[in-house]
Amino acid sequence: MTPNDEVTITALIHALARLNKKLPTNVCNQLAAISDVANNTKQLEAIAMNDTDLALLYKEECDRLMAEGSDRKKGYLPKFERDDYSKELSNLAEVAEVIFHSPDPVNASKETLNPSVVGKLKQFFRQLLK
């Protein structure tokens, strides 16, 4: 996965988490239809750009991530008001597939970025049962 692919996937996850409404059914179905997230980032971007509210948030998240990457190359780290960008999403493609294939990608992304106590317990038991 290229750095641009990572930006696309991360920006979409963060944009979904910022969305204050459910995604239209057709957008959810399009996300769920993508089986290999890491190799279909252009498709993900096209899906994000088809929903007006999601497109706006997606563009903002891309710009923010690109600015962060640019600042890191200059040798200093920017300070963000939110801590979202310092959280590392391990296995990004796998996490993205779980989010995009869930019945409610907006809540799934919010839960991934800011897990509740119940969510943390579910994750703990999933890891135990692997």
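Predicted model, so just to flag it, every value in this text is computed and none were measured.

K.L.:
Help me understand the overall build of the chain in this model?
P.N.:
A tally of helices and strands in the chain yields seven helices and zero strands. Secondary structure elements of the chain occur, N-terminal to C-terminal, as α-α-α-α-α-α-α. When each of the 130 residues of the chain is scored for burial, the buried share is 38%. Within the chain, contacts between residues separated by at least 24 positions form 72% of all contacts whose residues are at least 6 apart in sequence. For the chain, the accessible area works out to roughly 8300 Å², and carbon and sulfur atoms hold 52% of it.

K.L.:
Would you mind going over the environment of Glu94 with me for this structure?
P.N.:
Following the sequence through the fold, Glu94 ends up in helix 5 (residues 92-101). Spatially, the C-alpha atoms of Glu94 and Val37 are 8.1 Å apart, while their sequence positions differ by 57 residues.

K.L.:
I'm lost on helix 3 (residues 41-50) in this one. Help?
P.N.:
The α-helix winds at 3.6 residues per turn, so residues separated by three or four positions along the chain end up facing the same way. Buried within helix 3 are the following residues: Thr41, Leu44, Ile47 and Ala48. Axial view of helix 3: buried residues confined to an arc of 115 degrees, hence all on one face. Pointing more than 90 degrees away from the buried face of helix 3 are the exposed residues Lys42 and Asn50.

K.L.:
Help me out: how do you make sense of the pattern of salt bridges in this one?
P.N.:
Between side chains of opposite charge, pairing is possible as soon as their charged atoms come close. With the rule as written, the count across this model stands at three salt bridges. For the salt bridge of Arg18 with Glu60, the shortest nitrogen-to-oxygen distance reads 2.7 Å. Separated by 42 residues along the polypeptide, Arg18 in helix 1 (residues 3-18) and Glu60 in helix 4 (residues 52-74) bring together distant segments of the chain. On the basis of relative accessible area, Arg18 is assigned to the partly exposed category, the value being 26%. Under the relative-accessibility criterion, Glu60 is labelled partly exposed at 31%. Two residues, Lys21 and Asp53, come together in a salt bridge whose shortest N-O distance is 2.9 Å. Here Asp53 lies in helix 4 and Lys21 lies in the loop between helix 1 and helix 2 (25-32), a separation of 32 residues in the sequence.

K.L.:
Please clarify how the nonpolar core should be interpreted in this entry.
P.N.:
Within soluble globular proteins, side chains that are nonpolar tend to cluster in buried spots. The biggest cluster of nonpolar side chains holds 30 residues, and the ones touching the most others in it are Leu12, Ile13, Leu16, Leu23, Leu44 and Phe100. Breaking this core down by element, the ones donating at least two residues are helix 1, helix 2, helix 3, helix 4, helix 5 and helix 6 (105-113). Sorting elements by how many residues they give to this core places helix 1 first, with eight residues.

How each quantity is defined
Residues numbered from 1 in each chain as written. Predicted model: local features only at pLDDT ≥ 70, side-chain atom pairs only at ≥ 80, totals over all residues. Heavy atoms only, no water. Helix = DSSP H or I, 4+ residues; strand = E, 2+ residues; numbered from the N terminus. Buried < 20%, exposed > 50% of the residue type's maximum accessible area, 1.4 Å probe, protein only. Contact = heavy atoms within 4.5 Å. Areas by Shrake-Rupley, 256 points an atom, 1.4 Å probe, with all protein chains shown as cover. Arc of directions from axis to C-beta. Salt bridge = Lys/Arg side-chain N within 4 Å of Asp/Glu carboxyl O. Core = buried A, V, L, I, M, F, W, Y, C linked by side-chain atoms within 4.5 Å.

So far we have only geometry, and geometry alone does not tell us how the molecule works.
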